[in-house]
Amino acid sequence: MAEFSTAVKYRGDVNVIYLNGFLDAHTAPQLENEFSKLIEENKYSIVVNFKDLNYISSAGLGVFMAFIEKIRENKGDIKLTSMNDKVFNIFDLLGFPLLYEIFKSEEEAVKKFNEIKKLENE
Amino acid sequence: MRLKNLKTNNYIDDKKLIVQSRTENLSVVRDYIHDAALKAGINPEKVGDIILAVDEACTNIIKHAYKSIPDGKIEIQVLNNYKKFTIVITDYGSSFEPKKVPAPDLQKYYQQHRVGGLGMYLMKNLMDEVDYISVPGKYNRVSLSKNLNTVS
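As the structure is a prediction and not an experimental result, all values here were calculated from the model.

**Q** Even after reading the chapter, I still don't get the overall build of chain B, so can you show me in this structure?
**A** Looking only at helices and strands, one finds five helices and seven strands in chain B. Along chain B, helices and strands appear, N-terminal first, in the series β-β-β-α-α-β-β-α-α-β-β-α. The globule rule puts the C-alpha radius of gyration for 152 residues at 15 Å, and the 15 Å found for chain B is close to it. In terms of its C-alpha atoms, chain B occupies a principal-axis envelope of roughly 45 × 40 × 25 Å. Here chain B, with 152 residues, has 43% of them falling under the buried criterion. Within chain B, residue pairs in contact and separated by at least 24 positions form 56% of the contacts whose partners lie at least 6 positions apart. Carbon and sulfur atoms form 50% of the exposed surface of chain B, whose accessible area is close to 8,300 Å².

**Q** Any chance you could explain the pattern of salt bridges here in plain terms?
**A** Oppositely charged side chains can pair when the atoms bearing their charge come close. All names here are of chain A. Overall, the coordinates contain 14 salt bridges over all chains when judged by the stated rule. Among the ionic pairs, Lys 112 bridges to Glu 101, the shortest N-O distance being 2.5 Å. Here Lys 112 is found in helix 4 (residues 106–121), whereas its partner Glu 101 is found in the loop between helix 3 (85–93) and strand 5 (102–103), with eleven residues between them in sequence. We classify Lys 112 as partly exposed; its relative accessible area is 27%. On the basis of relative accessible area, Glu 101 is assigned to the partly exposed category, the value being 30%. When salt bridges with common partners are traced through the structure, they connect Arg 72, Asp 77, Lys 79, Glu 101 and Lys 112 into a single cluster.

**Q** Explain the side chain of Lys 146 of chain B to me, please; I cannot follow it from the model alone.
**A** Residues and elements named next belong to chain B. Mapped onto the elements of the fold, Lys 146 is located in strand 7 (residues 139–147). It turns out Lys 146 is buried and unbridged, and the closest side chain with the opposite charge, Asp 49, is 4.0 Å from it. Polar side-chain contacts of Lys 146 include one of 2.7 Å to the backbone oxygen of Leu 126.

**Q** Got a minute to help me understand the interface of chain B and chain A in this structure?
**A** Often, the extent of an interface is quoted as the loss of accessible area on bringing the components together. Taken together, the contacts link 25 residues of chain B with 23 residues of chain A. When the two sides are added together, the surface that chain B and chain A hide from each other amounts to roughly 2,100 Å², 67% of it contributed by carbon and sulfur. The shortest N-O distance in the salt bridge between Arg 30 of chain B and Asp 24 of chain A comes to 2.7 Å. Only helix 1 (26–39), helix 2 (44–65), helix 3 (106–112) and helix 4 (118–126) of chain B provide two or more residues apiece to the side of chain B that touches chain A. For the side of chain B that touches chain A, the class distribution of residues is eleven nonpolar, eight polar and six charged.

**Q** Is there a simple way to explain the packing of helix 1 of chain B against helix 2 of chain B in this structure?
**A** Helices that pack against each other are described as a pair by the angle of their axes relative to one another and the distance between those axes. All names here are of chain B. Put simply, helix 1 and helix 2 touch, their axes get as near as 9 Å, and they point 145° apart. For the element pair helix 1 and helix 2, the recorded crossing hand is right-handed. Two secondary-structure elements touch here, helix 1 through Leu 26, Val 29, Arg 30, Ile 33, His 34, Ala 37 and Leu 38 and helix 2 through Pro 44, Val 47, Ile 50, Ile 51, Val 54, Asp 55, Cys 58, Thr 59 and Ile 62. Residue composition of the contact of helix 1 with helix 2, grouped by class: twelve nonpolar, two polar and two charged.

**Q** Just to check I follow, could you spell out unusual backbone geometry for this structure?
**A** Leaving glycine out, the prevailing phi sign among residues is negative, and the prevailing peptide bond configuration is trans. Residues and elements named next belong to chain A. For Asn 42, which is not a glycine, the phi torsion comes out positive at approximately 55°. Along the polypeptide, Asn 42 turns up in the loop between helix 1 (28–40) and strand 3 (45–56). Of note in this structure, Ser 82 is not a glycine but carries a positive phi near 60°. Relative to the elements of secondary structure, Ser 82 occurs in the loop between strand 4 (77–81) and helix 3. Given a relative accessible area of 17%, Ser 82 falls into the buried group.

Cut-offs and rules
- Residues numbered from 1 in each chain as written.
- Chains lettered and ligands numbered in written order.
- Predicted model: local features only at pLDDT ≥ 70, side-chain atom pairs only at ≥ 80, totals over all residues.
- Heavy atoms only, no water.
- Helix = DSSP H or I, 4+ residues; strand = E, 2+ residues; numbered from the N terminus.
- Rg over C-alpha atoms; globule rule 2.2 N^0.38 Å.
- Buried < 20%, exposed > 50% of the residue type's maximum accessible area, 1.4 Å probe, protein only.
- Contact = heavy atoms within 4.5 Å.
- Areas by Shrake-Rupley, 256 points an atom, 1.4 Å probe, with all protein chains shown as cover.
- Salt bridge = Lys/Arg side-chain N within 4 Å of Asp/Glu carboxyl O.
- Lys, Arg positive; Asp, Glu negative; His and termini not counted.
- Polar contact = N/O pair within 3.5 Å; in protein donor to acceptor, adjacent residues only side chain to side chain.
- Buried area = accessible area lost by both parts, 1.4 Å probe.
- Nonpolar A, V, L, I, M, F, W, Y, C, P; charged D, E, K, R; others polar.
- Axes fitted to C-alpha atoms, helices over the stretch in contact; angles between N-to-C directions.
- Left-handed = near helix turned anticlockwise from the far one by under 90°.

Structure (structure tokens):
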């Protein structure tokens with residue numbers, strides 16, 4: 001059985017989803033549920049931390065595609081951080097870096113959201 | 001390694017793995033390919049590419065050939081002739097025409113909120129050869145090969 005789990009942490013207005021283990025066609029629905037829950041609560045500033053993700057297949061990549069437009073329509077975004085090289089290479093091979101901002105660290109991604117918020121408030 | 005797991009209707013030996021068409025079996029397939037590729041002397045750095053290509057092939061079979069019906073049969077055979085490491089995957093579900101699967105278009109997926117064809121694109125990029133045979137009403141077979149001189 002593929003091991004996969006998610007955890008969500010709230011950092012101010014930014015919601016961080018932590019991925020752990022193997023994200024494939026079997027486990028992708030778990031991540032879909034996480035996104036659905038956040039969207040139901042009108043939480044659209046989302047950082048996904050890949051630090052503990054060992055594996056991703058196209059079924060996992062599809063989850064990010066399913067929600068991104070709705071989230072951006074609501075002035076939010078999905079920002080990705082802390083991918084290992086293996087996982088990044090798959091994103092890169094499929095051209096995802098054109099559609100998603102990918103950061104080295106969670107701090108940078110959260111900071112980017114906060115900067116945008118600050119500009120909007122000025 | 002020769003055992004038959006009656007509980008899950010999976011079969012495994014050195015040359016062959018048979019699993020039912022359920023996504024929970026993808027991890028069984030990945031573990032099997034991992035061990036077989038290492039045994040064939042493939043560079044551990046490259047084993048991940050092969051595992052992903054086989055996962056994508058099996059995911060497509062589960063979703064498209066068997067349309068998520070969970071008791072279809074997926075047969076996975078590993079062939080190693082010292083030049084090529086080949087995985088042959090056979091299913092008995094609906095046939096399909098690989099040439100009709102369009103190349104992935106991310107901008108289009110963005111608007112449609114879904115993706116399609118990514119699996120096949122990955123397979124072609126991660127492997128040296130990808131061949132399909134489809135005999136409608138009988139079986140579909142995809143062969144994925146890596147040249148050993150580039151990955152050992």
